[in-house]
Amino acid sequence: MNPVSSPSAGETWVRRFHHAEDGPRLVCFPHAGGSAAFYRPMSAALSPDIGVFAVQYPGRQDRLHEPCIDSIPGLADAAFEALAPLTDEPVALFGHSMGATLAFELAVRMEKRLGRSPSALFLSGRRAPTHFRAESVHTRDDAGIVAELAALSGTAPALLQNREILDMVLPMLRSDYRAIETYRGGADDVVSCPVTVLTGESDDRVSVQEAADWAAHTRGAFTLQTFPGGHFFLDGHREAVTDLIRAGLAVPRR
């Protein structure tokens, strides 16, 4: 199935997989090494009530020949410029792992540069900016990066054994890991919108306390929702997650 055409100003950065009626907009940011296609199931589950706009970072899939951006500020600035046309109406943001950090940074930019906040912010599988861990996956050799992907259980094992595919994606993976592992969040960065944080109870990359500390980064309502599972708990709780999004955007299930 080919993606539905995106708004012209965001064609490079945004993919849409399903038509939606005139409901809320939800912009989704993938994890490190991820692509817009990660959100195809979420788009299907929320369609046609919520318009899902999945972000495609440079350096992967149909943007394979574009240079990667290896810093969170650089990615956030580029995404802010590309997604500006979508913020002319109320828009909510969702991000998983690295994507949660990018969604937060975009929300900060919206407030500082546009004077308005997202309607809601959903942050999944990522610790609050004040919690830094010394991680160095981006400095490992290729085998070390593949081992990290295997440990996270978010990539099909067959893909990790395909040398041709690995040769294409390893530069992008290294760039993404460099971006998130060198990121230093601002303790004083705060948004005004409601923030919902989702985390896996057995995610060794994010403790429940590290997830709960996102509360210090919003002036609005804060909700923490835990799920059984590890870093990619989303895969096992799609219906519960989409129900949480519908509730946060006040869109009932049909």
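Our subject is the structure listed above.
Here's what I pulled together on the structure shown here.

Each value, and the rule that gives it
- Residues numbered from 1 in each chain as written.
- Predicted model: local features only at pLDDT ≥ 70, side-chain atom pairs only at ≥ 80, totals over all residues.
- Heavy atoms only, no water.
- 1 Å grid on protein atoms, 1.4 Å probe; cavity = no way out; pocket = protein on both sides within 12 Å on 5 of 7 lines; lining within 4 Å.
- Points joined across faces, edges and corners; volume = space filled by probe spheres on them.
- Helix = DSSP H or I, 4+ residues; strand = E, 2+ residues; numbered from the N terminus.
- Nonpolar A, V, L, I, M, F, W, Y, C, P; charged D, E, K, R; others polar.
- Pairing = 2+ DSSP bridges.
- Contact = heavy atoms within 4.5 Å.
- Axes fitted to C-alpha atoms, helices over the stretch in contact; angles between N-to-C directions.

## Let's talk about empty space enclosed by the protein
- For the structure shown, the criterion picks out 2 cavities of 30 Å³ or more.
- A volume near 100 Å³ is recorded for the largest cavity.
- Surrounding the largest cavity, F38, Y39, P41, M42, L234, R238, V241 and T242 form its lining.
- Going through the elements one at a time, α1 (40–46) and α8 (238–248) are the ones with two or more residues in the lining of the largest cavity.
- It is α8 that provides the largest number of residues to the lining of the largest cavity, a total of 3 residues.
- Here the lining of the largest cavity is built from residues that sort into 6 nonpolar, 1 polar and 1 charged.

## A few points about the sheet that holds strand β6 (residues 195–200)
- Strand order in the open sheet formed by 7 strands is β1-β3-β2-β4-β5-β6-β7, and the pairing between neighbours is mixed. Each edge of the open sheet carries a strand with a single partner, namely β1 (14–15) and β7 (222–227).
- Where strand β2 (residues 25–29) meets strand β4 (residues 91–96), 5 bridges bridge the pair, whose relative direction is parallel. If you follow R25 over to β4, its bridge partner there is V91.
- Packing of helix α3 (residues 98–114) onto the sheet brings it into contact with β2, β4 and β5 (121–124), and relative to β4 it is tilted by some 150°.

Note that all results are geometric; they support no functional claim without further evidence.
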